[in-house]
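Coordinate analysis (summary)
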Amino acid sequence: MNVLKFGGSSVGSVAPLQNVKNIVALHDEGVVVVVSALGGITDQLLEMSAMAEKGDEAFRTHLAAIRERHTEIMDACVPGDTALRADIGRLFDSLGGLCEGVYSLRVLPEKTRCEIVSYGERMSSLIVTAMLPGARRYDALNFIKTTRRAGKTVLDSELTERLVHEAFASFGKGQVAVVPGFISTDSRSGEITNLGRGGSDYTASIIAAALNADRLEIWTDVDGFMTADPRIIRTSYVIDALSYEEAMELCNFGAKVIYPPSLYPVCAKNINILIKNTFHPEARGTVISREHHGGEFPVTGISSIEDSCVITVSAPSMAGIVGINRRIFNALALEGISVYLVSQSSSETSISLGINATDAEAATEALQQEFAHEIAEGSMDPVQCRRDVATVAIVGENMRQNSGVAGKLFTTLGRNGISIIALAQGTEERNISFVVEKKFLRKSLNVIHDSFFLSEYQELNLFICGIGTVGGQLIEQITAQREKLMRERNLKLNIVGIARRTRGIFDRNGIDTTRFRELVAAGIPLTPAKLKEEVIGMNIFNSVFVDCTASAEAAALYEDFFNHGISVVAANKIAASSDYDNYRRLKETALKRNVKFLFETNVGAGLPIINTINDLVNSGDKIEKIEAVLSGTLNFIFNTISEDIPFSRTVKMAQEQGFSEPDPRIDLSGKDVIRKLVILAREAGYKVNQEDVEAHLFIPPAFFDCTLEEFWAKLPSLDAKFEAERKELERRNERWRFVAKMENGKFSVSLKTVGNLHSFYVLDGSNNIVLLTTERYHEHPMLIQGYGAGAGVTAAGVFADIMSIANIH
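Below, the structure is looked at part by part. (Residues numbered from 1 in each chain as written. Predicted model: local features only at pLDDT ≥ 70, side-chain atom pairs only at ≥ 80, totals over all residues. Heavy atoms only, no water.)

1. Section: the overall build of the chain
Test applied: Every helix listed is a DSSP run of H or I at least four residues long, and every strand listed is a run of E at least two residues long, numbered separately from the N terminus. Every radius of gyration here is taken over C-alpha atoms, with the globule rule written as 2.2 Å times N^0.38, N being the number of residues. The buried label applies to any residue whose accessible area, calculated with a 1.4 Å probe on protein chains only, is under 20% of its type's maximum; exposed applies above 50%, and partly exposed to all values in between. Residue contacts follow a heavy-atom distance rule, with two residues in contact if any of their heavy atoms lie within 4.5 Å. Note on areas: Shrake-Rupley with a 1.4 Å probe; residue coverage comes only from the protein chains shown. Here the positive residues are Lys and Arg and the negative ones are Asp and Glu; neither His nor the chain ends is included. Every charge is mapped to an atom, namely NZ of Lys, CZ of Arg, CG of Asp or CD of Glu.
Broken down by element type, the chain carries 28 helices and 31 strands. For the chain, the C-alpha radius of gyration of 36 Å lies well beyond 28 Å, the compact-globule estimate for 809 residues. Projecting the C-alpha coordinates of the chain onto the three principal axes gives extents of approximately 115 × 70 × 50 Å. When the 809 residues of the chain are sorted by exposure, 54% land in the buried category. For the chain, contacts bridging at least 24 residues in sequence account for 71% of all contacts bridging at least 6. Taken as a whole, the chain presents about 34900 Å² of accessible surface, with 48% of it coming from carbon and sulfur. Distance between charge centroids for the chain: 1 Å, based on 84 positive and 101 negative side chains.

Structure, rendered in structure tokens:
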């Protein structure tokens, strides 16, 4: 025999009611069907009774609407059943009389409220009984009994079990029983009571346990227990199997799939529970049983309570005093306030309690009164109430005896800028509960779900600033690789923000990158302040700000991003080459906040120069000398200049082919190389600013003190000089190279000539080359060489930095 419970959504309209009929028909064995009121009716009955109590005549309109809805259901599901209509009519007459009495007296006693709200299940069970061939209705008011204990209505277990046995004594195989859920009667007075919100689950569990059912099936509107709330976590999925303990932990912390008390009766009898979807009956659902089903991950699921409150009682005088906690919990118990999280310092000077936000005022007042004397004399602090917080619980049998789960949790949250306000873990180790600011709830759930591999994919959420040649190619490269990364690496790169100087688009669900330029053009107006607001305000997990601009305003946002748990990948050189104190502060802030600040493409585009220096220094080596050709633009110019191509033409070619800045004087001045040398020296451990670098210009100063148009006009005047020098170099078998050098605490950039035996001699196109002389690589310096300019390789280098962040999450 099985017990099947159908919730309000399952009996709320014609289509799911037909599914209920089909589902019951598939069971050959005896079936007890427990039903809730039609979806939303319980709330409507409560609202209607409250209106009547206030003297609002509109309660009659509400009553008429409820009656019409039930009539429509009967007309569609059991047309022509006059007996059913008569029964339902009598119930509505009785319900109307009750409400008229409340309206007349302007009084709504609790027993009357309970009776009014009982009509939902009483009517729905009549309709379902009429729908199911051969079904018989069993009235729960006759055998589900409650009693009063400590001011609360609780189940009278012994009496209920005996009466259930008596009621179903003749129930046999192949029969169908229909029982209204939720409702009950007091074992002494006989007055109508109820089992509380979710009570229909409880009714079904009580009957299943009393009759030793083979299985309890809970039919609802979800496919089963999910790894997390699917409204928040898009990648959540159905958990195939749970232990009773895991299900209890998840239910107690907000998972609304099943009413928590429902688990206890069937758990005691070792009866399995199957959670199924009335709207998707072919789905496997979730099985809850005594068995521990294991699984490959330590965390089985995540649950949360959004509207929480933390009450803190504190005082140095609490230490060592016996009875403080008893007084705290007694005071709250007298007010009927449930505590679901307790966090106490080992010094015993404070205790924090997690409660529902609706109980905040009552709890604070109760504790203020309990400790009024101590607070007045100053031996205890006033009771603190912290609102706007949420409670999160990670649950899993595999967490037991599994070291590192808590550490991973804290690291994951910290890396995303989320602070834990209070924390609790029981000795059974299957639940770690913690409190965070409510604004971080979505982010917390997402990052935990992602970190503990409950998601199908590990996700990285990218904000890309700058859609010029580098930024545009980066977006195209990510788009091209996205499916492969998902398939082969289980890595999902979500571009959730794209911005240019004045416009941007932001969407936490991801942006269609095939038309990103069109979307950005139609996006919201942006200023640096608005950009910061959008990026931080999205509050999304595993987020990375990717700066493909040359903007000082964008670079000025990095520190704020770090402080909000957002990593930065920068092709922009401004931050890393800025004043040394600012550079150090950015590095230290990123380290402190456990986020990444990566800027490999600041020097050498996609070449692994900075990473190599970092590896050498971090492994104990010392960089003694750096010699480098770091300007792909200047290298292109001096490799291209020839008898047929004068100097002025090579500069123009560099600009046209995207090697130089739009104003090539930035490259010709050596400023870009100075910045690169400063960045390399700093990463090598040297304190240096741009003004510490000695620069030797090879272009007269007058060319930098005019407009860009005048510069282009005057540039050919240098062609003869450069051609004469080029011929002499050719005769001596030498070449020009613009060299950056760091040695013995001195830093310089200058145009040098190198012979054919020098490492810099053979350097094609826009290639860069770096020679690193270190304590280990002293006799034979380390050489790094390759493409050092161009949008494609630079974008690829930025992509590589993004991937390195993905690898640590």
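Having seen the structure, we can now continue with the description.
2. Some points on the environment of G89
The residue G89 is located in helix α4 (residues 82-105) in this model. Distance from G89 to E723, taken between C-alpha atoms, is 106 Å for residues 634 residues apart in sequence.

3. Remarks on the nonpolar core
As a rule of thumb, nonpolar side chains are buried together in soluble globular proteins. Using the following cut-off: For our purposes a nonpolar core is just a set of buried Ala, Val, Leu, Ile, Met, Phe, Trp, Tyr and Cys residues, chained together by side-chain atoms within 4.5 Å.
The biggest cluster of nonpolar side chains holds 101 residues, and the ones touching the most others in it are I448, F545, Y558 and F647. Looking at this core, the element that brings in the most residues is helix α25 (residues 671-683), giving seven residues. Setting aside anything within four residues of it in sequence, one finds I448 in contact with I302, V392, I394, L409, L413 and F434. Y138, L159, A204 and A210 belong to the second-largest nonpolar core, a separate cluster that totals 50 residues.

4. Some remarks on the environment of L423
As for its placement among the helices and strands, L423 is situated in strand β17 (residues 422-425). On the accessibility criterion, L423 (32% relative accessible area) is partly exposed. L423 sits 97 residues away from R326 along the chain, and the two C-alpha atoms are 20 Å apart. Setting aside chain neighbours within four positions, we find L423 in contact with V342, S343, F410, I432, S433 and F434.

5. Observations regarding the packing of helix α22 (residues 632-640) against helix α23 (residues 647-656)
Helix-helix packing is characterised by the crossing angle of the two axes and by the distance between the axes. This is how it is decided: Axis geometry follows a simple rule: fit a line to the C-alpha atoms, using only the stretch in contact for helices, then measure angles between N-to-C directions, giving values from 0 to 180 degrees. Working rule for angles: under 35 degrees goes down as roughly parallel, over 145 as roughly antiparallel, 65 to 115 as roughly perpendicular, anything else as oblique. Rotating anticlockwise by less than a right angle from the far helix to the near helix defines a left-handed crossing, while the corresponding clockwise rotation defines a right-handed one. Here the term charged refers only to Asp, Glu, Lys and Arg, the term nonpolar to Ala, Val, Leu, Ile, Met, Phe, Trp, Tyr, Cys and Pro, and the term polar to all other amino acids, Gly among them.
Here α22 crosses α23 at 140°, and the two axes come no closer than 9 Å. Between α22 and α23, the interaxial angle falls into the category oblique. Judged by the sense of rotation from one axis to the other, the crossing of α22 with α23 is right-handed. Residues T633, F636, I637, F638 and T640 of α22 form the contact with α23, whose participating residues are F647, T650, V651, M653 and A654. Across the contact of α22 with α23, the residue classes break down as seven nonpolar, three polar and no charged.

6. Examining the environment of I127
Structurally, I127 can be placed in helix α5 (residues 110-131). The class of I127 is buried, set by a relative accessible area of 1%. Along the backbone, I127 and L462 are 335 residues apart, and their C-alpha atoms lie at a distance of 53 Å. When sequence neighbours within four positions are dropped, the list of residues in contact with I127 reads H70, I73, M74, L84 and I88.

7. Points about the sheet that holds strand β18 (residues 431-437)
Test applied: By definition, two strands form a pair when at least two bridges between them are found by DSSP.
With respect to topology, six strands assemble into an open sheet ordered β14-β15-β13-β16-β18-β17, the strand pairing being antiparallel. Here the strands that pair on one side only, and so sit at the sheet edges, are β14 (341-344) and β17. Looking at each pair of strands side by side, their axes are set apart by 30° on average, direction ignored. Pairing between strand β16 (residues 384-395) and β18: seven bridges, direction antiparallel. Residue pairing for β18: V395 is matched across the bridge by N431. Each of β13 (301-314), β16 and β18 touches helix α8 (residues 244-252); the most contacted strand, β13, lies at about 60° to it. Against the sheet, helix α11 (residues 360-370) contacts β13, β15 (350-356) and β16, and its axis sits at roughly 30° relative to β13.

8. Examining the pattern of salt bridges
Basically, it comes down to this: For this analysis, a salt bridge means a side-chain nitrogen from Lys or Arg found within 4 Å of a carboxyl oxygen belonging to Asp or Glu.
Scanning the entire structure with this criterion turns up 42 salt bridges. A salt bridge links R284 to D240, with the nearest nitrogen and oxygen atoms 2.9 Å apart. You can see R284 sitting in the loop between β11 (272-277) and β12 (286-289) and its partner D240 sitting in the loop between β9 (215-220) and β10 (241-243), a full 44 residues away along the chain. The class for D240 is partly exposed, based on a relative accessible area of 41%. One connected set of salt bridges, linked through shared partners, spans K573, D672, R675 and K676.

9. Remarks on the pairing of strand β20 (residues 491-499)
Residues in a regular strand project their side chains so that they alternate between the two faces of the sheet. Condition: Look down the strands so they point away from you; if going from the first strand over the helix to the second traces a clockwise path, that crossover is right-handed.
Most of β20 sits out of view: nine of its nine residues are buried. As paired strands, strand β19 (residues 458-465) and β20 are joined by eight bridges and run parallel to one another. Within β20, the residue paired with N461 across the bridge is N494. The β-α-β motif built from β19, the intervening helix α15 (residues 469-489) and the parallel element β20 has right-handed crossover chirality. The pairing of β20 with strand β21 (residues 503-506) spans three bridges and is classified as antiparallel. Counted as the bridge partner of A499 is G504 from β21. Linkage of β20 to β21, two consecutive antiparallel strands, is achieved through a turn of three residues.

10. Considering helix α3 (residues 59-77)
Rule in force here: Helix span, expected: 1.5 Å multiplied by one less than the number of residues in the helix. Directions from the helix axis toward the C-beta atoms define the arc.
With 19 residues, α3 ought to run about 27 Å at 1.5 Å a step, and its terminal C-alpha atoms sit 27 Å apart, in line with that. Within α3, burial applies to F59, L63, I66, H70, I73, M74 and C77. For α3, the angular spread of buried residues about the axis comes to 100°, placing them on one side. Buried-residue contacts for α3 involve α1 (14-25), α2 (41-53), α4 and α5.

11. Section: the packing of α3 against α4
For the pair α3 and α4, interaxial distance at closest approach is 11 Å and the crossing angle is 170°. Considering their axes alone, α3 and α4 lie roughly antiparallel with respect to each other. Where α3 abuts α4, its residues F59, R60, L63, I66, R67, H70, M74 and D75 lie against L84, R85, I88, G89, F92, D93, L95, G96, C99, E100 and Y103. Looking at the contact of α3 with α4 residue by residue, the classes come out as 10 nonpolar, three polar and six charged.

12. What about helix α21 (residues 609-618)?
Taken together, the buried positions of α21 are occupied by I609, I610, T612, I613 and L616. End-on, the buried residues of α21 take up no more than an arc of 160°, which puts them together on one face. The exposed residues of α21 that point more than 90 degrees off its buried face are D615 and N618. Buried residues in α21 make contact with β26 (623-629), α25, β30 (767-774) and β31 (782-787).

13. Re the sheet that holds β12
Read across the sheet, eight strands follow the order β3-β6-β2-β1-β9-β11-β12-β10 without closing on themselves; strand pairing throughout is mixed. Unpaired on one side and paired on the other, β3 (135-137) and β10 mark the two borders of the sheet. Averaged over all pairs of adjacent strands, the angle between strand axes in this sheet comes to 20°, irrespective of strand direction. Bridge count for β11 against β12 is three bridges, and the pairing is antiparallel. Residue pairing across strands places I273 opposite I288, the latter belonging to β12. Those strands touched by α5 are β2 (31-35), β3 and β6 (176-180), and its axis lies near 165° from that of β6.

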